[in-house]
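# Examination of the molecular architecture
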Amino acid sequence: GFAALDAIPGMVWAQMIATWTMMEAANQDQYKAPWGMNQNGMGDSPAEFKGDFRNGALDFGWDKLSAESKMRKRAIELNNGRAAQMGILGL
């Protein structure tokens, strides 16, 4: 249970926080700085929304969908992620 959290060494906590920080930094839109200002000379971001990591190599027809269909599919994906989190929490 939660009592086991006290048994985790401090360096393990530091390693977990460092890993989470690096994962968040790696998943930022590389065209923008984390504070939202374009300071790298790469031009405007091609991302349509946060988390849009399409690079032009794969095209599954996303650009051909209507705005309503895109929002529906994003909502479905978000709910699937939430369900997966609840499933792993139940283990």
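### Side note on the overall build of the protein
Within the protein, the regular secondary structure consists of two helices and zero strands. Buried residues in the protein amount to 7% of all 91 residues. Here the analysis covers contacts within the protein between residues at least 6 apart in sequence; of these, 9% occur between residues at least 24 apart.

### Here's the deal with a nonpolar patch on the surface
A contiguous nonpolar patch, built from Met86, Ile88, Leu89 and Leu91 and spanning about 530 Å² of accessible area, is present on the exposed surface. Examined against the element boundaries, Ile88 turns out to sit in helix α2 (residues 67-89).

### Remarks on the side chain of Lys70
With respect to the element layout, Lys70 can be found in helix α2. Not counting the four nearest positions on each side in its chain, Lys70 is found in contact with Glu48, Trp62, Asp63 and Leu65.

### Quick word on the environment of Leu65
Here Leu65 lies in the loop between α1 (10-26) and α2. In contact with Leu65, other than residues within four places in its own chain, are Lys70 and Lys73.

How each quantity is defined
Numbering of residues starts from 1 in each chain and follows the order in which that chain's sequence is written. This being a predicted model, a pLDDT of at least 70 is required before a residue's local features are given, and a value of 80 or more before pairs of side-chain atoms are given or counted; all residues contribute to the totals for chains, interfaces and linings. Working from all heavy atoms in the structure, the side-chain values ignore hydrogens and water. Helix and strand definitions here come from DSSP, where helices need a minimum of 4 consecutive H or I residues and strands a minimum of 2 consecutive E residues; each element is numbered from the N-terminal end. With a 1.4 Å probe rolled over the protein chains alone, any residue whose accessible area is under 20% of its type maximum counts as buried; one over 50% counts as exposed, and the rest are partly exposed. Contact definition: two residues touch when any of their heavy atoms are within 4.5 Å. To count toward a patch, a residue needs a relative accessible area over 30% and no salt bridge; like charges are then connected within 9 Å, while nonpolar side chains (Val, Leu, Ile, Met, Phe, Trp, Tyr) are connected within 5 Å. For accessible areas, the Shrake-Rupley method is used with a probe of radius 1.4 Å. Any residue's cover is judged against the shown protein chains and nothing else. When a carboxyl oxygen of Asp or Glu lies within 4 Å of a side-chain nitrogen of Lys or Arg, that pair is called a salt bridge.

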